[in-house]
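Below, each chain spelled out in residue letters.
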Amino acid sequence: MNRRFALKATIAAAALATVSACAGTGSKDIVDVAASNGDFTTLVAAVQAAGLEDTLRGDGPFTVFAPTDAAFAALPAGTVESLLLPENKDALVSILTYHVLPGSVKAADVLGAKTQVATVNGKELSVDGTRGGVLVNNARVEIANISASNGVIHVIDKVLLP
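Quantities reported herein were computed from a predicted structural model and do not represent experimental measurements.

1. Let's talk about the overall build of the protein
Move 1: A count of helices and strands for the protein gives seven helices and seven strands.
Move 2: Going from N to C terminus, the protein has its helices and strands arranged as α-α-α-α-β-α-α-α-β-β-β-β-β-β.
Move 3: Residues counted as buried form 40% of the 162 residues belonging to the protein.
Move 4: Within the protein, residue pairs in contact and separated by at least 24 positions form 62% of the contacts whose partners lie at least 6 positions apart.
Move 5: Entry remark: accessible area of the protein is about 8,600 Å², with carbon and sulfur atoms responsible for 56%.

Set out below in structure tokens:
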């Protein structure tokens, strides 16, 4: 067996196991799925502070590129705390809606292609599925296709800034 193939197969199996562990039965909405995973406490708090919780619990479907707590922690010191202040709600909404696409887009839909996609905030993201995974702007999709009742979540390693 080819070593490269074996490594890819091992990585794929680990990713599928992680997705299965993260994804619910599909009966949880995007907010519930994120809240039930300990890696998205900052994202959930930001969604609530921005007043977007009801929207992301809505019918959808939505595609959410979800930065982990580590991705938020990598921002310059004080950035998250500042964005969570009521007077910065508009900026927070702009950043969070830049992480959301209308419709349900799975990783397989973009593998092997490069494209621009419109976000809910009206700006476009660059999606590159030609590098052995998926990049969204400069963020790597670490875990793809986590199902929710109203869409899909892709875990990313950076916060996307419009």
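Next comes the rest of the description.
2. Points about the pairing of strand 3 (residues 114-118)
Move 1: Both strand 3 and strand 4 (residues 124-128) contribute to a ladder of five bridges, which runs antiparallel. The partner of V117 across the bridge, within strand 4, is L125.

3. Topic: the sheet that holds strand 3
Move 1: With mixed pairing, seven strands are arranged side by side in an open sheet as 2-1-7-6-5-4-3. Bordering the open sheet on either side are strand 2 (100-102) and strand 3, each of which pairs with just one other strand.
Move 2: Bridge count between strand 1 (residues 62-67) and strand 7 (residues 151-156): six bridges; the pairing is parallel. Bridging across to strand 7, F65 finds its partner in H154.

4. Examining the nonpolar core
Move 1: Ranked by internal contacts, the top residues of the largest apolar core, which has 30 residues, are L43, L56, V64 and L96.
Move 2: Of all the secondary structure elements, the ones that give two or more residues to this core are helix 2 (30-35), helix 3 (41-49), strand 1, helix 5 (69-73), helix 6 (79-83), helix 7 (89-97), strand 6 (139-148) and strand 7.
Move 3: By size, the runner-up hydrophobic cluster in this structure holds 14 residues, among which are A107, V117, V134 and V136.

5. Notes on the environment of I153
Move 1: Take I153: it is sitting in strand 7.
Move 2: Residues I153 and F62, 91 residues apart in the sequence, show an inter-C-alpha distance of 8.3 Å.
Move 3: Beyond its immediate chain neighbours, meaning those up to four positions away, I153 contacts I30, V33, A34, V64, A66, I143, A144, N145 and I146.

What counts and what doesn't
- Residues numbered from 1 in each chain as written.
- Predicted model: local features only at pLDDT ≥ 70, side-chain atom pairs only at ≥ 80, totals over all residues.
- Heavy atoms only, no water.
- Helix = DSSP H or I, 4+ residues; strand = E, 2+ residues; numbered from the N terminus.
- Buried < 20%, exposed > 50% of the residue type's maximum accessible area, 1.4 Å probe, protein only.
- Contact = heavy atoms within 4.5 Å.
- Areas by Shrake-Rupley, 256 points an atom, 1.4 Å probe, with all protein chains shown as cover.
- Pairing = 2+ DSSP bridges.
- Core = buried A, V, L, I, M, F, W, Y, C linked by side-chain atoms within 4.5 Å.

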